[in-house]
There are 2 protein chains.
Amino acid sequence: MPVSIKDIARLAGVSHSTVSRALRDSPLIPAATAQRIQQIARESGYTASAVARSLVTRKTQAIGVVVTSIADPFNGDLVDGIEEVANQHGYSVILATSQADPEREMAVVRSFGERRVDGILVASSRVGSLYLPMLEELKIPIVLVNNQHRSDFAYSIAVDNVHGAYQAARHLIELGHRRIGYLGDRLGLHSDEDRFAGFGKALAEFKVSLPKEFVVYGDGKLEGASIAARDLLHRSKRPTAVLCYNDISAFGLLKVAEECGIMIPESLSVTGFDDITFAALARPALTTVRQPRREMGRKAAELLIAIFNGSPEEKALVIRGELIVRESTAPLSAS
Amino acid sequence: MPVSIKDIARLAGVSHSTVSRALRDSPLIPAATAQRIQQIARESGYTASAVARSLVTRKTQAIGVVVTSIADPFNGDLVDGIEEVANQHGYSVILATSQADPEREMAVVRSFGERRVDGILVASSRVGSLYLPMLEELKIPIVLVNNQHRSDFAYSIAVDNVHGAYQAARHLIELGHRRIGYLGDRLGLHSDEDRFAGFGKALAEFKVSLPKEFVVYGDGKLEGASIAARDLLHRSKRPTAVLCYNDISAFGLLKVAEECGIMIPESLSVTGFDDITFAALARPALTTVRQPRREMGRKAAELLIAIFNGSPEEKALVIRGELIVRESTAPLSAS
DNA sequence: CTGAAAGCGCTTACAG
DNA sequence: CTGAAAGCGCTTACAG
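Residues numbered from 1 in each chain as written. Chains lettered and ligands numbered in written order. Predicted model: local features only at pLDDT ≥ 70, side-chain atom pairs only at ≥ 80, totals over all residues. Heavy atoms only, no water.

Draft legend 1. Structural detail: the overall build of chain A. Looking only at helices and strands, chain A has 13 helices and 12 strands in total. A compact globule built from 335 residues should have a C-alpha radius of gyration of about 20 Å, whereas chain A, at 26 Å, is more than 25% larger. The principal-axis extents of the C-alpha atoms in chain A amount to approximately 90 × 35 × 35 Å. Here chain A holds 335 residues, and the buried ones make up 54% of them. In chain A, 70% of the contacts between residues at least 6 apart in sequence involve partners at least 24 apart. As displayed, chain A offers around 14,900 Å² of accessible surface, 52% of which is attributable to carbon and sulfur atoms. Of the side-chain charges in chain A, 39 are positive and 39 negative, and the distance between the mean point of each set is 3 Å. (Helix = DSSP H or I, 4+ residues; strand = E, 2+ residues; numbered from the N terminus. Rg over C-alpha atoms; globule rule 2.2 N^0.38 Å. Buried < 20%, exposed > 50% of the residue type's maximum accessible area, 1.4 Å probe, protein only. Contact = heavy atoms within 4.5 Å. Areas by Shrake-Rupley, 256 points an atom, 1.4 Å probe, with all protein chains shown as cover. Lys, Arg positive; Asp, Glu negative; His and termini not counted. Charge placed at Lys NZ, Arg CZ, Asp CG, Glu CD.)

Structure, rendered in structure tokens:
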């Protein structure tokens, strides 16, 4: 048995109420008494029980975080940002992995409910709405990070996909490209729709037309993107630039271009989205839109804590990413 | 207020003791009653309070994990492995970051103590012994992953540094190299000592001598390693192969080699240690010793859970890494 | 089978 | 200032 407040009370010859107050620096207790008691607590190796405290305060000072997998560097950065501000404010983070399995995600969130976490953060989920009722019952606020759910329950924070893709498209247009393709993600994610919308916005603004056959869809993975890319590049009249849904898709396309002997960026400019670590290291290094992962984690945690304190600024935060120009894009060559 | 066991008792017209039993499928309760009560619980949106339960059972079903930073892919994989088996066994993981700051690590572990986690996992720490007394008082077992502390308190799990370096060295020797350098980490980490020992073991076994000036020390980072590498490669009589403490050091050396116009692997073979993601992507791709990060996380969690169940197999587990031969090593050329 | 009781380790009105 | 009391939401001997 760890030593409890009662043990200290006995040692100090006071009631346990007094010990409790002394340990929490209550103004009711004279400094001298408080110090004596704290001293005894220290010497006896006392460690307060957060679980007992939580039971009465109804606060656990813990926030639950759900990601698909932490091995993914994107989530690593995100969680790092979350943990940073959580820690700053005296909160612990309970981390769980959904493995992109909705059932598992449900189970995880249920377990967070049982643990009575003060709030929940969920990254890139498509199933947020399933557990909303339970969280509402428990009055546990939730903030969704980059979620694919288009509804306004709960709070959310996401990159500005429209603006990010707009920047990338504009960059290509300013390089002189007029025949620009889009390699998307057929899963119909909102992020894909939004990026396509940003792409379209730039085209419209500069009066660049988009032939239907310049739009192809992979699955956001290397293989699927490669297949779509083959489709796009093997035409007689192919685009001189392609805006890809994400970096992985862009690498799929780059691979196919290499196979076809298409020089990058001389004969084809390519942009990605995300700025995964490899984007900077690849040859050619990829021009892409950086998602400020760590900052998003920080903002998400700050939002949650603001909610705890009753001062949520906005329900839905949008963060802009930055266009990172590297080697995979170049001015349209005269050729 | 969330609905409690008492509310259900009222609704069901039984005592809260009976509800508690019914909810836990106690054999004392007839199936019919249990189902009726469970039904009511479900309908009323009951979610058991793990904190109340923990207070009486003295188990939180939670394990605390301390890493320097989760943004580091190494730790990401590790934590993923930990979370996987923790989750399998019904444990939650509370994750905290030390930022390589001993004070912060202490604070984090203290907070884990207050939360009464059932066990603690600490990765790559050098300060484990500081909080040992507190954990002992609280009877919270701890397992150290790849720690630099040479003492047998607590449990531990680590890569077999000696064997890993031995394999790398042997690989170089078998390629015909006889003039092999070592680029270490001057911080005097045990992992450095062990890797150097494995290196020495291979040299001894094959009767390869090691000139003193073939051993240089960086700091495990790119810059420090580069300085040491310059020292090593700028001699008149330089080694034909270098075994580096870790991948990062190897990349520092590769950079210097490039500056000096030394061809890799034609004129110099280089090995790393860790197999960070970039090792496979770099040009030339790095020959290195892979640390099975995810598996280490799994094993660490399994060890901890075995301790909970009173059946810890061994106090100190050692896991072997695998030599991954890529492009940075080649047979000693006749030149 | 079921309930009343005690207790886990705290916090905090309520009296004095 | 200080203590006795109640209570947070559960579990589990102990009686019946």
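Having seen it, we continue.
Draft legend 2. Highlighting the environment of A:Val65. Inspection of the secondary structure assignment puts A:Val65 in strand S1 (residues 62-67). The residues contacting A:Val65, other than those within four sequence positions of it, are A:Val79, A:Ile82, A:Val93, A:Ile94, A:Leu95, A:Ala96, A:Phe112 and A:Leu121.

Draft legend 3. View of the protein's contact with DNA strand D. In the region of DNA strand D, 26 residues are neighbours, and A:Thr18, A:Arg21, A:Arg58, B:Ser20 and B:Arg21 sit closest. Close to the protein, within 4 Å, the atoms of DNA strand D belong to sugar or phosphate groups at a rate of 61%. At 2.6 Å, a side-chain N or O of A:Thr18 approaches a phosphate oxygen of DNA strand D. One of the backbone nitrogen or oxygen atoms of B:Ile5 is found 2.9 Å away from a phosphate oxygen of DNA strand D. Where the surface near DNA strand D is concerned, the elements lending two or more residues are helix H2 (16-23) and helix H4 (50-57) of chain A together with helix H1 (5-12), helix H2 (16-23) and helix H4 (50-57) of chain B. For the surface near DNA strand D, the per-class residue count stands at 11 nonpolar, nine polar and six charged. (Near = heavy atom within 4 Å. Polar contact = N/O pair within 3.5 Å; in protein donor to acceptor, adjacent residues only side chain to side chain. Nonpolar A, V, L, I, M, F, W, Y, C, P; charged D, E, K, R; others polar.)

Draft legend 4. A look at the sheet that holds strand S9 (residues 269-271) of chain A. Residues and elements named next belong to chain A. A sheet is described by the order of its strands in space; here four strands give the open sequence S7-S6-S8-S9, paired in parallel fashion. The open sheet is flanked by strand S7 (215-218) and S9, the only strands paired with a single partner. Direction aside, neighbouring strands of the sheet carry axes that sit 20° apart on average. Relative to strand S8 (residues 241-244), strand S6 (residues 180-185) runs parallel, the two being bridged by four bridges. Bridge pairing links glycine 181 to valine 242 in S8. (Pairing = 2+ DSSP bridges. Axes fitted to C-alpha atoms, helices over the stretch in contact; angles between N-to-C directions.)

Draft legend 5. A look at the interface of chain A and chain B. With 43 residues of chain A in contact, the opposing surface of chain B contributes 43 residues. Here chain A packs against chain B, burying approximately 3,900 Å² in sum over the two surfaces, 55% of which is carbon and sulfur. Counting the surface chain A buries against chain B, the share from its top three residues, A:Thr47, A:Val51 and A:Arg115, is 15%. Across the pair B:Arg104 and A:Glu83 runs a salt bridge whose closest N-O atoms are separated by 3.2 Å. (Buried area = accessible area lost by both parts, 1.4 Å probe. Salt bridge = Lys/Arg side-chain N within 4 Å of Asp/Glu carboxyl O.)

Draft legend 6. Just the relation of the copies chain A and chain B, in detail. When chain A is brought onto chain B, the operation consists of a screw motion whose angular component is 180° and whose axial shift is 0.0 Å, with 0.1 Å RMSD remaining. Within this description, the copies of the chain are treated as partners about a two-fold rotation axis. Within chain A, A:Ile94 has its C-alpha nearest the rotation axis, a separation of 2.1 Å. Most of the interface of chain A is mirrored in chain B, where 100% of its interface residues again form contacts. (Least-squares fit on C-alpha atoms with pLDDT ≥ 70 in both.)

Draft legend 7. Layout of the domain arrangement of chain A. Here the domain parsing of chain A yields domain 1 (5-48), domain 2 (58-153) and domain 3 (161-291). Summarising the inter-unit geometry, the C-alpha centres of domain 2 of chain A and domain 3 of chain A are found 32 Å apart. (Domains from an automatic or database assignment.)

Draft legend 8. Inspection of the packing of aromatic side chains at higher detail. Tallied over the entire structure, the rule returns 12 aromatic pairs over all chains. Both rings, one in A:Tyr182 and one in A:Phe199, keep their centres 5.5 Å apart while their planes meet at 25°; by these two values the pair is stacked. Taken as a pair, A:Tyr182 in strand S6 and A:Phe199 in helix H9 (residues 190-205) lie far apart in primary sequence, 17 residues in all. A centroid spacing of 4.9 Å and a plane angle of 70° characterise the contact between B:Tyr182 and B:Phe196, whose relative ring orientation is edge-to-face. One end of the pair, B:Tyr182, is in strand S6 (residues 180-185); the other, B:Phe196, is in helix H9 (residues 190-205), and 14 residues separate them in sequence. Under the relative-accessibility criterion, B:Phe196 is labelled partly exposed at 27%. One aromatic cluster is present, formed by A:Tyr182, A:Phe196, A:Phe199 and A:Tyr217 through successive ring pairs. The ring of A:Tyr155 is capped by A:Lys315, whose NZ or CZ atom sits 5.0 Å from the centre of that ring. Between the NZ or CZ atom of B:Lys201 and the centre of the ring of B:Tyr166, over which it lies, the distance is 4.5 Å. (Phe/Tyr/Trp six-rings, centres within 6.5 Å; stacked < 30°, edge-to-face > 60°. Lys NZ or Arg CZ within 6 Å of the ring centre and 35° of its normal.)

Draft legend 9. Quick look at empty space enclosed by the protein. A full pass over the atoms with the stated rule returns one cavity of 30 Å³ or more. The volume enclosed by the largest cavity comes to roughly 230 Å³. Forming the walls of the largest cavity are 17 residues, and the residues nearest its centre are A:Thr60, A:Arg115, B:Val51, B:Thr60 and B:Arg115. Elements that contribute at least two residues to the lining of the largest cavity include exactly H4 and strand S2 (92-97) of chain A together with H4 of chain B. (1 Å grid on protein atoms, 1.4 Å probe; cavity = no way out; pocket = protein on both sides within 12 Å on 5 of 7 lines; lining within 4 Å. Points joined across faces, edges and corners; volume = space filled by probe spheres on them.)

Draft legend 10. Main features of the protein's contact with DNA strand C. Around DNA strand C, the structure places 27 residues, and the nearest of them are A:Ser20, A:Arg21, B:Thr18, B:Arg21 and B:Arg58. For DNA strand C, the backbone portion of the atoms within 4 Å of the protein, that is sugar and phosphate, comes to 63%. A distance of 2.4 Å separates a base nitrogen of DNA strand C from a polar atom in the side chain of A:Arg21. Between DNA strand C and B:Arg21, the relevant distance is 2.6 Å, taken from a base oxygen to a side-chain nitrogen or oxygen of the residue. Elements represented by at least two residues in the surface near DNA strand C include exactly helix H1 (5-12), H2 and H4 of chain A together with H2 and H4 of chain B. Looking at side-chain class alone, the surface near DNA strand C contains 12 nonpolar, nine polar and six charged residues.

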